[in-house]
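Residue-level listing of the chains:
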Amino acid sequence: MPPRRTDDSIFMSVASYRDENCFPTLRDAYGQAERPEKLFVGLVQQNCHEGCRSGVLEGGKMEDVPPDDDCFKLFCESPAGKPICLNDQVRLIDINETESLGPYAARFFASKLWFGEEWYMQIDSHMTFAKSWDSISTSMLQKAPSKKPILSHYPPPHTGKLGGPGGRICDPLFATSDIESQIVRLSGANGYEKKDGGIPRFAPFVAAGYYVAHSEFLKEVPFDPFLPWVFMGEEISMSARLWTAGYDIFSPSQSVMGHIYVRRHKPKFWESVGRVFHPGFHNSIQLFVIKRIKHCMGYPEAASDMLSPSSLLTAMEEYGLGHERNLQDYMTMVGLDTQRKKVKLQDWCHKGIPPPGFEQYNNLYI
């Protein structure tokens, strides 16, 4: 791994799938940054270049559409982006949509574009930004009462006002859809404070669409390269892996990014998988791969002696749970029981107080 810098630089991981919002996301990230010269982007662009089809439209139809916007080219040829790209601040992996392995795999690839920046941030490719979002994010992270903090939440909708108090993801659930195999899903952000308390509050889960941590975590909790085609399950897996590796999760005290949530009729990667193989193929292959996540999370039906082939557990010692805390303590703290598929909602998250075992920090949130 490259040596870690101590210059307050930020690496921003951006995984884009046929997203026309990618260019404005990059433009606004740099335009709203307090120190754009310290921002470095790792862009994994998954686009259609010819013979392109739309997403599913009204009535289940799909139509021929032009090739996707080249986010990297648009940004690097724009007046604002050209000097940034000439300074090698945007790094690119360009993938044809037919070769996409899903969002988690794209984030794994993006992590390989990190060149030693001090802070690591992961976002989606359809975001809006508050002024000075970069310095506010790292400042919040450094205020968190932990030696190994990670800051995360589901950002508010892009139509809302930024700069207000952040929210927490408090309420998990076990998926009921047959194609999700009872994997743990996270519901929308809850527990908004009435005002910014200054110090980030403890939270139970990490969201894939916005988190920031010291880049040291890449060494301790590297992205798992053995989770292709996975759409659900990455958030609970990363949450448990980070916590058991000694990282404490916090919600931001300010919302510094907005998220474009409603993207109906836009192409989805599982539709491309269906065109390359056959309709519905993604469902079956995700059900196969998701067993690896379930094994990591302690699902009894995914115990080692229950899984076949054994290659599903390749390199789990490197890409599995951490060794500083145990999984059961985490599951108790967040209220999850994978044995009985039950959820016990946790008042500490909704109230914005530290979880059991962290009472020494109660005085910070009075």
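Here the structure is shown first, and the text comes after it.
In this report, we go over the structure that sits alongside the text. These figures come from a predicted structure and were not determined experimentally.

Turning to helix α1 (residues 22-32), a few remarks are in order. The set of residues buried in α1 consists of Cys22, Thr25, Leu26, Ala29 and Tyr30. An end-on view of α1 places all buried positions within 120° of arc, on one side of the element.

Here the focus is the environment of Ala110. With respect to the helices and strands, Ala110 occurs in helix α4 (residues 103-111). Between the C-alpha atom of Ala110 and that of Lys268, which follows or precedes it by 158 residues, the distance is 19 Å. Excluding residues that lie within four positions of it along the chain, Ala110 makes contacts with Phe11, Ser13, Gly42, Val44 and Tyr120.

Counting across every chain of the model gives 21 salt bridges. Among the charged side chains, a salt-bridge network with shared partners connects Arg5, Asp7, Arg91 and Glu117.

This next bit is on the nonpolar core. Counting 96 residues, the largest nonpolar core has Met12, Trp133, Phe217, Met257 and Tyr330 as its most contacted members. If we skip the residues at most four places from it in the chain, Tyr330 touches Pro204, Phe205, Ile236, Ser239, Ala240 and Trp243. In terms of nonpolar packing, the next biggest core, distinct from the first, is built from 5 residues, Val44, Ile95, Ala106 and Ala110 among them.

Inspection of the entire model under this criterion finds 20 aromatic pairs. On the numbers, 4.5 Å between centres and 40° between planes, the contact of Phe202 with Phe250 is tilted. Of this pair, Phe202 sits in strand β9 (residues 201-202) while Phe250 sits in strand β11 (residues 248-251), placing them 48 residues apart in sequence. Classification of Phe202 as buried rests on a relative accessible area of 4%. A residue is classified by how much of its surface remains accessible, and Phe250, at 0% relative accessible area, is buried.

Our next topic: the side chain of Ser152. The residue Ser152 is located in strand β6 (residues 149-152) in this model. For Ser152, a relative accessible area of 1% puts it in the buried group. A distance of 2.8 Å separates a polar side-chain atom of Ser152 from the backbone nitrogen of Ala207. In this structure the side chain of Ser152 is engaged in a polar contact, spanning 2.8 Å, whose partner is the backbone oxygen of Tyr210. Those residues in contact with Ser152 that lie beyond four places of it in its chain are Phe205, Val206, Ala207, Tyr210, Tyr211, Phe250, Ser251 and Pro252.

Glancing now at unusual backbone geometry. At the junction of Ser308 and Pro309, the peptide bond is cis and its omega measures out at 0° in the coordinates. Summarising the element assignment, Pro309 is placed in the loop between α9 (281-296) and α10 (316-319). Even without being a glycine, Ser181 presents a positive backbone phi close to 55°. As for its position among the elements, Ser181 is in the loop between β7 (172-174) and β8 (184-186). A positive phi is found at Lys341, a non-glycine position, where the angle reads about 60°.

Reading the values: rules and limits
- Every chain is numbered on its own, with residues counted from 1 as its sequence reads.
- Local features in a predicted model are, by the rule used here, given only for residues with pLDDT of at least 70; side-chain atom pairs are given and counted only at 80 or more, and totals for whole chains, interfaces and linings are based on all residues.
- In computing side-chain values, all of the structure's heavy atoms are included and hydrogens and water are not.
- The rule is simple: take the accessible area with a 1.4 Å probe, protein chains only, and divide by the maximum for that residue type; under 20% is buried, over 50% is exposed, in between is partly exposed.
- By the criteria applied, helices consist of DSSP H or I runs no shorter than four residues and strands consist of E runs no shorter than two, each listed in order from the N terminus.
- Each direction from the helix axis to a C-beta atom contributes to the arc, which is the arc of those directions.
- Working rule for contacts: check all heavy atoms of both residues, and any pair within 4.5 Å makes them a contact.
- Salt bridge criterion: a side-chain nitrogen from Lys or Arg within 4 Å of a carboxyl oxygen from Asp or Glu.
- For this analysis, a nonpolar core means a set of buried residues of the types Ala, Val, Leu, Ile, Met, Phe, Trp, Tyr and Cys, connected via side-chain atoms within 4.5 Å.
- Think of it this way: a Phe, Tyr or Trp ring, Trp meaning its six-membered ring, pairs with another when their centres are within 6.5 Å, and the plane angle makes it stacked under 30 degrees, edge-to-face over 60, tilted otherwise.
- We define a polar contact as two N or O atoms separated by no more than 3.5 Å, with the added condition that, inside protein, one atom must be a possible hydrogen donor and the other a possible acceptor, whereas residues neighbouring each other in sequence contribute only through side-chain atom pairs.

Read these as spatial facts, not as claims about activity.
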